[in-house]
Amino acid sequence: MKFSTRDLCFCAIGAALIAVCAWISIPADVPFTLQTFAIFAVCGLLGGRRGTVSVLVYLLLGAVGAPVFRGGFASLLGTTGGYLVGFVLLALIIAFAQARWGQGQWVFVLSAVVGLLVCYAFGTAWFLIVYTRTGAITLGVVLAKCVLPFLLPDAVKLALAALLRARLYRRIPA
């Protein structure tokens, strides 16, 4: 996988956008943030390959202590860390679908939906594993806290990112 200087600059901008959107949040057990919007937008506008690298750079910055997401490195190991790691899976699914079926809008939207479901599943499993070390919790409670409240907001974020992509995708150099 070879990246040009332009690709690396786009990846850095993508990681910065995700970091800024991570700080726009409504506090909760699993905070409502604009991270998913940023990941959808970055993967949609830059393509899955550069989008995946942007997500990885964002997570690496957080892992080494840069203030890109609340809680720093501890967030990666805590109950919500699975959702952060799940963002990589989301981006990889978009990248795979785009490599396999092209850059079309429906490929992007459908792969983003599948990727988000995988992110939810991975994050929920992680939440269960980490939380059960300190107390008991059921799958139903985790789904009620960590997935159900996010379904509609994430659908709106995906729709907005898809609209943004439809307007701007052809203006960004490949």
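Residues numbered from 1 in each chain as written. Predicted model: local features only at pLDDT ≥ 70, side-chain atom pairs only at ≥ 80, totals over all residues. Heavy atoms only, no water.

Novice: Explain the nonpolar core here, please?
Specialist: Phe40, Val55, Tyr58, Leu59 and Phe108 are the most contacted members of the largest nonpolar core, which has 42 residues in total. Of all elements in the fold, only helix H1 (5-22), helix H2 (35-46), helix H3 (48-63), helix H5 (81-101), helix H6 (105-131), helix H7 (139-146) and helix H8 (148-168) reach the threshold of two or more residues within this core. Not counting residues within four places of it along the chain, the set of residues in contact with tyrosine 58 comprises Ala15, Ile18, Ala19, Ala22, Gln35, Val68, Phe69 and Leu84. (Core = buried A, V, L, I, M, F, W, Y, C linked by side-chain atoms within 4.5 Å. Buried < 20%, exposed > 50% of the residue type's maximum accessible area, 1.4 Å probe, protein only. Helix = DSSP H or I, 4+ residues; strand = E, 2+ residues; numbered from the N terminus. Contact = heavy atoms within 4.5 Å.)

Novice: When you look at the side chain of glutamine 35 in this model, what are you seeing that I'm missing?
Specialist: Along the chain, glutamine 35 turns up in helix H2. There is a polar contact of 2.4 Å between the side chain of glutamine 35 and the side chain of tyrosine 58. What glutamine 35 contacts, discounting residues up to four positions off in sequence, is Ile18, Cys21, Ala22, Tyr58, Phe69, Leu84 and Phe87. (Polar contact = N/O pair within 3.5 Å; in protein donor to acceptor, adjacent residues only side chain to side chain.)

Novice: Just checking my understanding: could you explain a nonpolar patch on the surface for this structure?
Specialist: A cluster of nonpolar side chains, Leu139, Leu143, Leu148 and Leu151, forms an exposed patch at the surface whose accessible area comes to about 340 Å². Going through the elements one at a time, H7 and H8 are the ones with two or more residues in the nonpolar patch. As for its placement among the helices and strands, leucine 151 is situated in helix H8. (Patch = residues over 30% accessible without salt bridge, like charges linked within 9 Å, V, L, I, M, F, W, Y side chains within 5 Å. Areas by Shrake-Rupley, 256 points an atom, 1.4 Å probe, with all protein chains shown as cover. Salt bridge = Lys/Arg side-chain N within 4 Å of Asp/Glu carboxyl O.)

Novice: Would you mind going over the side chain of threonine 124 with me for this structure?
Specialist: In this fold, threonine 124 is placed in helix H6. A distance of 3.1 Å separates polar atoms of two side chains, one belonging to threonine 124 and the other to tyrosine 83.

Novice: How should I be thinking about the pattern of salt bridges in this particular structure?
Specialist: Between side chains of opposite charge, a pair can form when the charged atoms approach closely. Taken as a whole and assessed by the stated rule, the structure comprises three salt bridges. The shortest N-O distance in the salt bridge between aspartate 154 and lysine 157 comes to 3.2 Å. Of this pair, aspartate 154 and lysine 157 both sit in helix H8, three residues apart, which is roughly one turn of that helix. Each member of the pair, aspartate 154 as well as lysine 157, carries the same accessibility label: buried. If you follow the salt bridges from partner to partner, you end up with Asp7, Arg49 and Arg50 in one network.

Novice: Would you mind going over the packing of aromatic side chains with me for this structure?
Specialist: Each aromatic ring pair is described using two quantities: the centre-to-centre distance and the angle formed by the ring planes. The tally for this structure, following the rule as stated, stands at four aromatic pairs. Look at phenylalanine 122 and tryptophan 126: their rings are 5.8 Å apart centre to centre, the planes differ by 50°, and that puts the pair in the tilted class. Taken together, the residues span about one helical turn, with phenylalanine 122 and tryptophan 126 both in helix H6 at a distance of four residues. Judged by its relative accessible area of 31%, phenylalanine 122 is partly exposed. For tryptophan 126, a relative accessible area of 23% corresponds to the partly exposed category. Centre to centre, the rings of phenylalanine 127 and tyrosine 131 are 5.7 Å apart; their planes meet at 5°, and the pair counts as stacked. Within this pair, phenylalanine 127 and its partner tyrosine 131 are both found in helix H6, separated by four residues, close to a single helical turn. For phenylalanine 127, a relative accessible area of 3% corresponds to the buried category. It is arginine 49 that lies over the ring of phenylalanine 3; its NZ or CZ is 4.3 Å from the centre. (Phe/Tyr/Trp six-rings, centres within 6.5 Å; stacked < 30°, edge-to-face > 60°. Lys NZ or Arg CZ within 6 Å of the ring centre and 35° of its normal.)

Novice: Honestly, H2 in this entry has me stumped. Any pointers?
Specialist: Given 3.6 residues per turn, any residue in an α-helix points the same way as the ones three and four places further on. The terminal C-alpha atoms of H2, which comprises 12 residues, lie 16 Å apart, in line with the 16 Å expected from a rise of 1.5 Å per residue. With respect to burial, H2 is a largely interior element, 11 of its 12 residues being buried. Of the residues making up H2, those classed as buried are Gln35, Thr36, Ala38, Ile39, Phe40, Ala41, Val42, Cys43, Gly44, Leu45 and Leu46. At the exit of H2 stands glycine 47, carrying a positive phi of roughly 95°. (Expected span 1.5 Å × (residues − 1).)

Such coordinate-based values are descriptive only and should not be taken to indicate function.
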